[in-house]
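Chains, contacts and geometry: an overview
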Amino acid sequence: MSEAKPYNIPKRLVWEAYQRVKANRGAAGVDSVSLAAFERDLKGNLYKIWNRMSSGAYHPPPVRLVEIPKEGGTRPLGIPTISDRVAQTVVKMVFEPEVEPYFHPDSYGYRPDRSALDAVGTARKRCWATDWVIDLDIKSFFDSIPHDLVERAVAHHTDKPWVCLYVGRWLRAPVERPDGTHIERTKGTPQGGVISPVLANLFLHYAFDLWIARNYPSIQFERYADDAIVHCKTEEEARTVLEAIRGRFAECGLVLHPTKTKIVYCKDDDRTGEYEHIKFDFLGYSFQPRRAKNRWGQFFVSFLPAISNKAAKAIWQTIREWRMASTRNNQRLEDLARLTNPVVRGWMNYYGRFYRSKCAQVLRRLNEALARWARWKFKRFRRRERASMHWLGCIARRDPNLFVLWQLGVRPEAGE
């Protein structure tokens, strides 16, 4: 190290960070420089990042504000520039291994070898064992995280001053609106930043995970980033714990959503009481009483997860946006299969893990869209809905591997 380069950041680390950014792709930031444009002078751009970070002279540009639609409004995303994503990835690659071993086993979000489906599966088992769930919803979590608490936690877990330096600068980097004006940030970390997930996890590790483990050691929970549910044995315990969590979050600068946060009764054949809420959504799944079959083939009601209505609507919207009938009627079925198969496989792998039949029922919309495509493409099927579905069913029997949907047994039927 030299006075000009007080921080020992290997050039190789910057190169590896760039490779990760390239693999994740993503949109341009406030400088409008795309990944392709960045790569035109790749060596020079990467050297610039290394040189500035090593000397302590790296200052992040503003993040570009993008509002994405969500139920009931929009969610603000902060899109960093390509260069800034590389710089953030450098810090993440160094800092994440330092902090990861300390995280709680029931924290699942953005962690190696853990997934949202792991959290759903664990929640499913625990809902069978305990009667009550607290469904937590933190209001504007990513916009509310206090900077001083995050920085204190970062400093506790690393001995590298440059990690602390750049985390502080990223936390305070302004947000640029579409009209070019800047919003100064005094709290929060932008959703969309590379470093934000690990900072959010670290903050909630102290604000929630460790606090629950210390104060309520018998209480179990699953947390995926800011999405969390807590299991309780009785309604009274649930009310007590919820109020304690509300107070704890207030100490940490967070607020629970007044209507989305609720206590839920895990009703089934063995739990026959009445309660206002008997359903909650978690990571794209709705947990609620559902009909199930036991090993002897007898039906009963269990408290189970299946694809949520919100996730189903998002799938239907994507199928509509493919616009098969109106814009792809010059294509062949094989072309449509190439378009849809990777996406459908992803849907089925995720939403079909639990209560698969509900996911299959949602995906039948794709067969309907294919039949509509056939009616636009072939004159003999115009206004003949059943005939187009029958034709599609014949192809499915002849070539069942053409569409992933058909491979999974969701075949076109004339009665659809």
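Quick caveat, the model's predicted, so the values are computed rather than measured.

**A few points about the environment of arginine 332**
With respect to the helices and strands, arginine 332 occurs in the loop between helix H12 (324–327) and helix H13 (333–351). Residues arginine 332 and alanine 374 lie 42 residues apart in sequence; the distance between their C-alpha atoms is 9.8 Å. Setting aside chain neighbours within four positions, we find arginine 332 in contact with Arg338 and Trp373.

**Considerations on the pattern of salt bridges**
Taken as a whole, this structure holds 19 salt bridges when the rule is applied. A salt bridge links arginine 12 to glutamate 16; the nearest nitrogen and oxygen atoms lie 3.5 Å apart. Of this pair, arginine 12 and glutamate 16 are both found in helix H1 (residues 11–24), four residues apart, which corresponds to roughly one turn of the helix. With a shortest N-O distance of 3.9 Å, glutamate 368 and arginine 365 are connected by a salt bridge. A residue pair is termed a helical-turn pair when its members lie 3 or 4 positions apart in one helix, as glutamate 368 and arginine 365 do in helix H14 (residues 356–377) at three residues. Glutamate 368 sits in the partly exposed class, given a relative accessible area of 30%. Accessibility expressed as a relative area gives 33% for arginine 365, which makes it partly exposed. It is possible to trace a salt-bridge network through shared partners that takes in Glu98, Asp159 and Lys160.

**A few points about the sheet that holds strand S2 (residues 73–79)**
Spatial ordering of the open sheet is given by S2-S1-S4-S5, a layout of four strands whose pairing is mixed. Looking at strand neighbours, the two that pair on one side only are S2 and strand S5 (182–183), the edges of this open sheet. Two elements, strand S1 (residues 63–70) and strand S4 (residues 175–176), share two bridges in a ladder whose sense is parallel. Within S4, the position partnered with valine 63 by the bridge is valine 175.

**Quick look at the pairing of strand S11 (residues 299–307)**
Both strand S10 (residues 285–293) and S11 contribute to a ladder of nine bridges, which runs antiparallel. When the bridges of S11 are listed, proline 289 appears paired with phenylalanine 303. Adjacent in sequence and paired antiparallel, S10 and S11 are bridged by five residues, among which glycine 297 carries a positive phi angle near 80°.

**Here we look at unusual backbone geometry**
Although it is not a glycine, tyrosine 110 sits at a positive phi angle of roughly 55°. With respect to the helices and strands, tyrosine 110 occurs in the loop between helix H4 (82–99) and helix H5 (116–129).

**Overview of the nonpolar core**
Grouped together as the largest cluster of nonpolar side chains are 68 residues, with contacts concentrated most on Met53, Phe208, Val230 and Ile245. Here the element with the most residues in this core is helix H9 (residues 196–215); it accounts for 10 residues. When residues no more than four places from it in sequence are discounted, the contact partners of valine 230 are Trp132, Val133, Ile134, Leu136, Phe208, Ile219, Gln220, Phe221, Val241 and Ile245. In terms of nonpolar packing, the next biggest core, distinct from the first, is built from 56 residues, Trp322, Leu336, Cys359 and Leu363 among them.

**Digging into the sheet that holds strand S8 (residues 262–265)**
Strand order in this open sheet of four strands is S6-S7-S3-S8, and the pairing throughout is antiparallel. In this open sheet, the two edge strands, each paired with only one partner strand, are strand S6 (220–224) and S8. Strand-to-strand twist in this sheet, taken as the mean axis angle between neighbours without regard to direction, amounts to 20°.

Rules used in this analysis
- Residues numbered from 1 in each chain as written.
- Predicted model: local features only at pLDDT ≥ 70, side-chain atom pairs only at ≥ 80, totals over all residues.
- Heavy atoms only, no water.
- Helix = DSSP H or I, 4+ residues; strand = E, 2+ residues; numbered from the N terminus.
- Contact = heavy atoms within 4.5 Å.
- Salt bridge = Lys/Arg side-chain N within 4 Å of Asp/Glu carboxyl O.
- Buried < 20%, exposed > 50% of the residue type's maximum accessible area, 1.4 Å probe, protein only.
- Pairing = 2+ DSSP bridges.
- Core = buried A, V, L, I, M, F, W, Y, C linked by side-chain atoms within 4.5 Å.
- Axes fitted to C-alpha atoms, helices over the stretch in contact; angles between N-to-C directions.

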